[in-house]
Amino acid sequence: LMTVHEFGEAATSSLLSYEEVAQVFLHLTVVPRLPVPYPTGLRCNGCSRHVVKRFATLSDKRCNNRESKVDRQILVSGFGIFGFAPRAGELLSSVDSSAALDWQTEVEIELFTVKMSNRSQNSEDLSATETVVIQGTMNDVKPVVASFRKPVPVLPDVSYTARMKFLDEAVIQTYSGAKGIEVATVPLPFDEKINFHFESSSRDSYSSRHPSNCCYNDVPHCEGQLPEIHFFIQWPEGTH
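Cut-offs used in this document
- Residues numbered from 1 in each chain as written.
- Predicted model: local features only at pLDDT ≥ 70, side-chain atom pairs only at ≥ 80, totals over all residues.
- Heavy atoms only, no water.
- Helix = DSSP H or I, 4+ residues; strand = E, 2+ residues; numbered from the N terminus.
- Buried < 20%, exposed > 50% of the residue type's maximum accessible area, 1.4 Å probe, protein only.
- Areas by Shrake-Rupley, 256 points an atom, 1.4 Å probe, with all protein chains shown as cover.
- Contact = heavy atoms within 4.5 Å.
- Phe/Tyr/Trp six-rings, centres within 6.5 Å; stacked < 30°, edge-to-face > 60°.
- Patch = residues over 30% accessible without salt bridge, like charges linked within 9 Å, V, L, I, M, F, W, Y side chains within 5 Å.
- Salt bridge = Lys/Arg side-chain N within 4 Å of Asp/Glu carboxyl O.
- Core = buried A, V, L, I, M, F, W, Y, C linked by side-chain atoms within 4.5 Å.
- 1 Å grid on protein atoms, 1.4 Å probe; cavity = no way out; pocket = protein on both sides within 12 Å on 5 of 7 lines; lining within 4 Å.
- Points joined across faces, edges and corners; volume = space filled by probe spheres on them.
- Nonpolar A, V, L, I, M, F, W, Y, C, P; charged D, E, K, R; others polar.
- Expected span 1.5 Å × (residues − 1).
- Arc of directions from axis to C-beta.
- pLDDT = per-residue confidence, 0-100.
- Pairing = 2+ DSSP bridges.

Caption draft 1: Fine view of the overall build of the chain. On a plain count of helices and strands, the chain comes out with three helices and 13 strands. By the burial criterion, 41% of the 240 residues in the chain qualify as buried. When the accessible surface of the chain is split by element, carbon and sulfur atoms take 52% of a total near 14000 Å².

Here you go:
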């Protein structure tokens, strides 16, 4: 089962006839789904791929880490950040879009459970860390994705914090988002959906885990504002 965007790429490749394009497009977009004479099972070993986005517009202001909760189990594959800005403090309106310079840097991404006093003693704490290289083009605000080698399972109704730390010694400045939403609903296959709840991170909880962490000490090497979470949904065998 592919997304509409993925199907659009296939539809423009001349692999399908106009009639086949119309059949598949209607199957992907009409509710309830119309039948098609093709297999409609999930790819990727029963997983479907999705992205949740938190911001509607760009801003030149920063924000702290955010905690998030979901109402069903997911597999987090990575985080997206907006592209690199020319330099700290420069207004978006003054950026010269013709200056296209490639950049590459090493980052550390982390996803961990927020310690809560009312959590069950049997609850297992999650801590997943990965060091990866990301790259892009200067002035391009399109989010760049840093991925875990293996998707990280996230349980429903448990608070998690995500962060990205830049390991380069140079001062890092990325574009930031504005009008962040508190609740995001992502449509899923089979007419289902998932809800993400975002809230400000607990400084005490985070500091106890990372006492010298840059996100709370104004050191410009840590990105707490992650505008995208990339994730998979694992579907039970036989789902169709």
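Caption draft 2: Structural context of the side chain of Thr105. In this fold, Thr105 is placed in strand E5 (residues 102-113). In this structure, Thr105 is in contact with Phe84, Val132, Val133, Ile134, Phe166 and Asp168, ignoring residues within four places of it in sequence.

Caption draft 3: Summary view of the packing of aromatic side chains. Under the definition given, this model contains three aromatic pairs. Ring centres of Phe196 and Phe198 lie 6.3 Å apart, and the angle between their planes is 15°; on these two criteria the pair is classed as stacked. For the pair shown, Phe196 and Phe198 are each scored as buried. Measuring from ring centre to ring centre gives 5.2 Å for Phe196 and Phe231, while their planes differ by 55°; the resulting arrangement is tilted. Note that Phe196 is positioned in strand E11 (residues 192-200) and Phe231 in strand E13 (residues 228-234), a separation of 35 residues in sequence. Assigned by exposure class, Phe196 and Phe231 land together as buried.

Caption draft 4: Geometry of the environment of Gly46. Among the secondary structure elements, Gly46 is positioned in the loop between helix H2 (18-29) and strand E1 (47-53). By relative accessible area, Gly46 is classed as buried at 18%. Once residues lying within four places of it in the same chain are set aside, the contact partners of Gly46 are Ile233, Gln234 and Trp235.

Caption draft 5: A look at a nonpolar patch on the surface. A contiguous nonpolar patch, built from Phe25, Leu26 and Leu34 and spanning about 250 Å² of accessible area, is present on the exposed surface. Position of Leu34 relative to the elements: it lies in the loop between H2 and E1.

Caption draft 6: Looking closely at the nonpolar core. Counting 38 residues, the largest nonpolar core has Ile74, Phe79, Leu111, Ile134, Met164, Ile194 and Phe196 as the members making the most contacts within it. Secondary structure elements with two or more residues in this core: strand E4 (74-81), E5, strand E6 (127-137), strand E7 (144-154), strand E8 (160-166), strand E10 (183-188), E11 and E13. Residue contributions to this core peak at five residues, all from E7.

Caption draft 7: How the structure looks around empty space enclosed by the protein. A complete count under the given rule lists three cavities of 30 Å³ or more for this structure. Of the pockets and cavities examined, the largest cavity occupies roughly 100 Å³. Contributing elements (two or more residues each) for the lining of the largest cavity: strand E3 (66-70), E4 and E8. When the residues that make up the lining of the largest cavity are grouped by side-chain class, the tally is twelve nonpolar, one polar and one charged.

Caption draft 8: Structural view of unusual backbone geometry. The phi angle at Asp157 is positive, at roughly 60°, despite the residue not being glycine. Tracing the sequence through the fold places Asp157 in the loop between E7 and E8.

Caption draft 9: Structural detail: H2. Between its terminal C-alpha atoms H2 stretches 16 Å, which fits the 16 Å expected from twelve residues at 1.5 Å a residue. Looking at H2, one finds that the buried residues are Val24, His27 and Leu28. Looking straight down H2, one finds its buried side chains confined to an arc of 95°; they lie on one side. Exposed positions of H2 whose direction lies more than 90 degrees from the buried face are Tyr18 and Glu19.

Caption draft 10: Quick peek at the confidence of the model for the chain. Residues with a pLDDT of 70 or more make up 67% of the chain, whose mean pLDDT is 75. Averaged pLDDT values for the elements of the chain fall to 43 in helix H3 (residues 203-209) and rise to 93 in E4. In this model, residues 203-221 is a region of pLDDT below 50 whose contacts with residues beyond four sequence positions or in other chains number 42 contacts.

Caption draft 11: Examining the pairing of E5 more closely. Most of E5 is tucked away, with nine of its twelve residues classed as buried. Of the strand pairs in this sheet, E5 and E6 are connected by eleven bridges, and their pairing is antiparallel. Across the sheet, the residue bridging to Gln104 is Gln135, located in E6. One ladder, built from seven bridges, connects E5 with E8; its direction is antiparallel. Bridged to Thr113 within E8 is Tyr160.

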